[in-house]
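Structural features, examined
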Amino acid sequence: MNPAALFAGGLVAGLAAGTASCAAVQGGLLIGLVSPTGNRHGPSRGLPPVAAFLTGRLAAHTALGALLGLAGAVVQVGPRTRAALLVAAGTAVVVLAVRMLRRRREAGCAPAGKGPAPAGGAPGGCPCPDGGREDHAPARGAARGTGSPGSGARWPVLARAAALGMATIFMPCGVTVGMEVVAVSSGSASGGAAALAGLALGTAPAFAALGLLLRTLASTRLAALAGIAALAAGLFTVGSGLRLGGWLPDFSPPQFGSPAAAAGRARTGTDGVQRLTIWATAEGFRPGIVVAAAGRPVEIAFRTDGNRGCTRTLAIDDRDVVLPVTGERVVRLAAHSEGRLRYACGMGMYVGFVRFERVP
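Rules and cut-offs
Residues numbered from 1 in each chain as written. Predicted model: local features only at pLDDT ≥ 70, side-chain atom pairs only at ≥ 80, totals over all residues. Heavy atoms only, no water. Helix = DSSP H or I, 4+ residues; strand = E, 2+ residues; numbered from the N terminus. Buried < 20%, exposed > 50% of the residue type's maximum accessible area, 1.4 Å probe, protein only. Core = buried A, V, L, I, M, F, W, Y, C linked by side-chain atoms within 4.5 Å. Contact = heavy atoms within 4.5 Å. UniProt positions renumbered as here; feature names shortened; annotations may be inferred. Expected span 1.5 Å × (residues − 1). Salt bridge = Lys/Arg side-chain N within 4 Å of Asp/Glu carboxyl O. pLDDT = per-residue confidence, 0-100. Phe/Tyr/Trp six-rings, centres within 6.5 Å; stacked < 30°, edge-to-face > 60°. Lys NZ or Arg CZ within 6 Å of the ring centre and 35° of its normal.

A closer look at unusual backbone geometry
- Residue Pro 287 is bonded to the preceding Arg 286 through a cis peptide linkage, with omega at -10°.
- Relative to the helices and strands, Pro 287 resides in the loop between β6 (284-286) and β7 (289-293).
- Even without a glycine there, the phi angle at Asp 317 is positive, about 55°.
- Of note, Asp 317 is situated in the loop between β9 (313-316) and β10 (319-322).
- Positive phi is not limited to glycine here, since Asp 318 has a value of about 60°.
- On the accessibility criterion, Asp 318 (64% relative accessible area) is exposed.

Here you go:
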């Protein structure tokens, strides 16, 4: 495949479909760019940490794409492993968010009488519940006249930001999984690198805007909102991983409506193969429950019509399947024993079931 075409495809996928889904799954890591105290004068102020995060993210995705294109499915992470990584990464985001909220409360308010208080009640401090005030004093280096604020700590901050950007490869959204499959099918390091690099660049504007927004909130009295948003993102990622791995109780999705609409039954052809049709929509899989006879092979035709959402990528029978935006892809399943086969979209948000019943 032409690397330029793969890059363009990844860029379009990132701009058109990856902005919301990737930011929802990976955006929580941006909380690590925020100064724990929310100090506006610290070394982490401004665009450099956000740029370092985006650079690390681009480098990691490009390297992963090259590996996938070169080694193919050998280095591709399966759905269960990816689910475990999502749970671990989401837990890390939750820890970062909780630490930010705690440090904001502890370090943002200095005890009364300590440190230089603003003269005449001038702006620079805010009342705290314990009678202290919020400290917005300049960084120590600036106060001592030792050069630019936080110059000695700039590189560790940027290195941490770059590391957080690289960590996003462990939290793939549905669009990322789809582009990873494209990278594998490219059969070359340059093609795979181009596909994932295009995706990383396509989603970069959304990540830059989100990172700057979080850092702006952290320097105001709305800092708690940044921590709460990161906490929600972390919990969302943990939930996605648990659903993708099938480690949460399964309930019949409410959007499937009546029992007649919820279940579809396979038709057996003259060749003995059972055939099913399932629509992958932006709201889930329709029908959400299909019934087939146990002990016979099954072909499922997954159909789409202008679908750019999570369900365009699905994990079924321990493998990833990427569907076209509009069209059909047939997935063949070997004969299964009596029971239920669960499948889910690439982000674990929507699930569907194939129920295998014993033939009378």
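Here we look at the nonpolar core
- Counting residues in each nonpolar core, the largest one holds 72 residues, and the members touching the most others are Phe 53, Ile 300, Phe 302 and Ile 316.
- When residues in this core are grouped by element, the largest group, 10 residues, is from helix α7 (residues 189-218).
- In this structure, Ile 316 is in contact with Ile 300, Phe 302, Val 321, Val 331, Leu 333, Leu 341 and Tyr 343, ignoring residues within four places of it in sequence.

A closer look at the UniProt feature "transmembrane region" (unreviewed entry) in the protein chain
- The residues that UniProt annotates with the feature "transmembrane region" (unreviewed entry) are residues 46-71, 83-101, 157-182, 194-214 and 220-242.
- Helix makes up 100% of residues 83-101 and strand makes up 0%, while its end C-alpha atoms are separated by 27 Å.

Section: helix α8 (residues 223-245)
- Look at α8: 34 Å from first C-alpha to last across 23 residues, which is about the 33 Å you get at 1.5 Å a residue.
- Immediately beyond the C-terminal end of α8, within one or two residues, lies Gly 246, with a positive phi of roughly 75°.

Focus: the pattern of salt bridges
- Under the criterion given, the structure shown has 8 salt bridges.
- Glu 299 serves as the salt-bridge partner of Arg 332, at 2.9 Å between the closest nitrogen and oxygen. Of this pair, Arg 332 sits in strand β11 (residues 327-333) while Glu 299 sits in strand β8 (residues 298-304), and the two are 33 residues apart along the sequence.
- The structure contains a network of salt bridges with shared partners spanning Asp 271, Arg 275, Glu 299 and Arg 332.

Details of the confidence of the model for the protein chain
- On average, the protein chain scores 81 in pLDDT, and the residues at 70 or more come to 78%.
- Note that pLDDT drops below 50 for residues 37-44; the model gives that stretch 24 contacts with residues more than four away or on any other chain.

Let's talk about the packing of aromatic side chains
- On inspection of all chains with the given rule, the structure shows 4 aromatic pairs.
- When the ring of Phe 285 is compared with that of Phe 302, the centres are 6.5 Å apart and the planes differ by 70°; the resulting orientation is edge-to-face. In this pair, Phe 285 sits in strand β6 while Phe 302 sits in strand β8, placing the two residues 17 residues apart along the sequence. As far as burial versus exposure is concerned, Phe 285 and Phe 302 are alike and both buried.
- Grouped by ring-pair contacts, the aromatic residues Phe 285, Phe 302 and Tyr 343 constitute a single cluster.
- Here the basic side chain of Arg 57 rests over the ring of Phe 207, its NZ or CZ set 4.1 Å away from the ring centre.

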